[in-house]
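Here are the chains, one letter per residue:
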Amino acid sequence: MTADTISSATGIITIDLGALVANWRALTNVVAPARCGAVVKADAYGLGADRVIPALVSAGCTTLFIATPDEARAARRFAPEATIFALDGLLAGSGEALIVTNTIPVLSSLPEVIEWSALAAKRGERLAAALHVDSGLNRLGLDAREVQALAADGDTLARLDVKLVMSHLACADDPADPKNAEQRAAFDKMRAQLPSAPASLAASDGLMLGPDFHYDLARPGYALYGGQAFKGGPTPVQPVVRVEGRILQVRDVAPGETVGYSATWVAQRKSRIAVVATGYADGFFRTGSHPGAHPGAVVSIGGTTAPLVGRISMDLITVDVTGMVPAPERGDLVTLVGPGISIEALGNRAGTIGYEVLTNLSRRFARVYVGENSA
Ligand SMILES: *Cc1c(COP(=O)(O)O)cnc(C)c1O
């Protein structure tokens, strides 16, 4: 990223790889002696798998989780030696694609297990696999009946080299939810019927629930990127992302005038409105408009918070900067995510979650990576 590209960028997303690595180390300490992997699906939650994966690998992370075969190809390029698990498992007929990239499918139904095992038979070798059991989320995972059927099918199992048995929690963000313990008990019961293998139950929030949930391997994603969705108290991670948008102009709006589509905001006083080159096409959720059904997004300019006014449009937002000192000017950057505005808070203000903000935000922003050698 050259100085020229930065000065002509309408928005900039700054990703602190030092903070990312520090977060992985902090989570590693939380789960020790269990190991800590990293979930880098969806292009490392939108932050760039090409930079995030090498940074994590240099820090000592050896186990990565992606979702799709395409993501597996990319991840393998950036991490030639890592153990890579594909959370979407084996898509029908796509086994060879996983084998080529030495990716281990997370098998989540009996048909998947049988297809992978048959491919192993055809190749005359055992194939590495993770088994995903459903402990109560009812999304992916073998159910109790399937686990029983598989446990009784020695031939199918014999062709698999089971590297991991895992499950996923529904309510891990709330430590008071009884479903956490229920899922743990269900997981233990299913695990006991399967070949003994390392186990994994916890993602970002689950690993905060205590050692009972750590098993052999934790698999955080969101927390690595600075996300804090856990309701049980502070987690040991720091922000990784700063997002800034550029002011295209600042204009006067007379009392009674309206701003933006559908004229939803009416100036009650003589107002100064900064027009910023960020909109929903940049991943800045239109549901963060003000007034609207949700609290509405705010930005920060030189440490001062200013509210959005009117509708968020495709490429632009409008911000009330009336009376702000020093007066914001054309060309200045405003902070959309950064000190005082977490991804989580922005999500809440737009009626969604930080995860969705994070995985959408980077579309049109210039990306700047910092902190690579500070780790
Ligand atoms: C995405 C995902 C994770 C990571 O979850 P975070 O909440 O981002 O830490 C872990 N396990 C599974 C099965 C997932 O789909």
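Thresholds, definitions, all that
- Residues numbered from 1 in each chain as written.
- Predicted model: local features only at pLDDT ≥ 70, side-chain atom pairs only at ≥ 80, totals over all residues.
- Heavy atoms only, no water.
- Helix = DSSP H or I, 4+ residues; strand = E, 2+ residues; numbered from the N terminus.
- Buried < 20%, exposed > 50% of the residue type's maximum accessible area, 1.4 Å probe, protein only.
- Contact = heavy atoms within 4.5 Å.
- Areas by Shrake-Rupley, 256 points an atom, 1.4 Å probe, with all protein chains shown as cover.
- Lys, Arg positive; Asp, Glu negative; His and termini not counted.
- Charge placed at Lys NZ, Arg CZ, Asp CG, Glu CD.
- Near = heavy atom within 4 Å.
- Polar contact = N/O pair within 3.5 Å; in protein donor to acceptor, adjacent residues only side chain to side chain.
- 1 Å grid on protein atoms, 1.4 Å probe; cavity = no way out; pocket = protein on both sides within 12 Å on 5 of 7 lines; lining within 4 Å.
- Sits in = over half its atoms within 2 Å of the grid points.
- Nonpolar A, V, L, I, M, F, W, Y, C, P; charged D, E, K, R; others polar.
- Points joined across faces, edges and corners; volume = space filled by probe spheres on them.
- Phe/Tyr/Trp six-rings, centres within 6.5 Å; stacked < 30°, edge-to-face > 60°.

A separate point is the overall build of the protein. Secondary structure assignment for the protein yields twelve helices and 19 strands. In terms of overall dimensions, the protein has C-alpha extents of about 80 × 45 × 35 Å along its principal axes. With 375 residues in all, the protein has 52% of them scored as buried. In the protein, the share of contacts with a sequence separation of at least 24, taken over all contacts with a separation of at least 6, comes to 68%. For the protein, the accessible surface area stands at approximately 16300 Å², while carbon and sulfur atoms represent 52% of it. Taking the 33 positively charged and 37 negatively charged side chains of the protein as two groups, their mean positions are separated by 3 Å.

Our next topic: unusual backbone geometry. Glycine aside, a negative phi is what most residues show, and trans is what most peptide bonds show. The step from H290 to P291 runs through a cis peptide bond, and the omega angle for that step is 5°. For P291, the location among the structural elements is in the loop between β14 (271-276) and β15 (298-301). Even without glycine at this site, A42 takes up a positive phi of about 50°. Looking at the element boundaries, A42 is found in helix α3 (residues 41-45). Phi is positive for N138, which is not a glycine, with a value near 55°.

Our next topic: the site of the ligand. The immediate surroundings of the ligand are formed by 14 residues, with K41, Y45, S204, G221 and Y355 found nearest. A distance of 2.7 Å separates an oxygen atom of the ligand from a polar backbone atom of G221. When isolated, the ligand has an accessible area of 390 Å², and the protein chains bury 89% of it. Taking a 2 Å distance to the grid points as the criterion, the majority of the atoms of the ligand fall inside the largest pocket. Across the shell around the ligand, the residue classes break down as eight nonpolar, three polar and three charged.

Right, let's get into empty space enclosed by the protein. Counted according to the given criterion, the structure contains one cavity of 30 Å³ or more. Of the pockets and cavities examined, the largest cavity occupies roughly 40 Å³. For the largest cavity, the full set of lining residues is L27, S204, D205, M208, A223, G227, Q228, A229 and T235. Grouping the constituent residues of the lining of the largest cavity by class yields four nonpolar, four polar and one charged.

This next bit is on the packing of aromatic side chains. In the structure shown here, the tally under the stated rule is five aromatic pairs. Both rings, one in F65 and one in F85, keep their centres 5.1 Å apart while their planes meet at 20°; by these two values the pair is stacked. Here F85 lies in strand β5 (residues 83-86) and F65 lies in strand β4 (residues 63-66), a separation of 20 residues in the sequence. With a relative accessible area of 0%, F65 lands in the buried category. In this structure F85 comes out as buried when scored by relative accessible area, which is 3%. With 5.1 Å between their ring centres and 80° between their planes, F187 and Y215 make a pair best called edge-to-face.

Any link to function would need more than the numbers given here.
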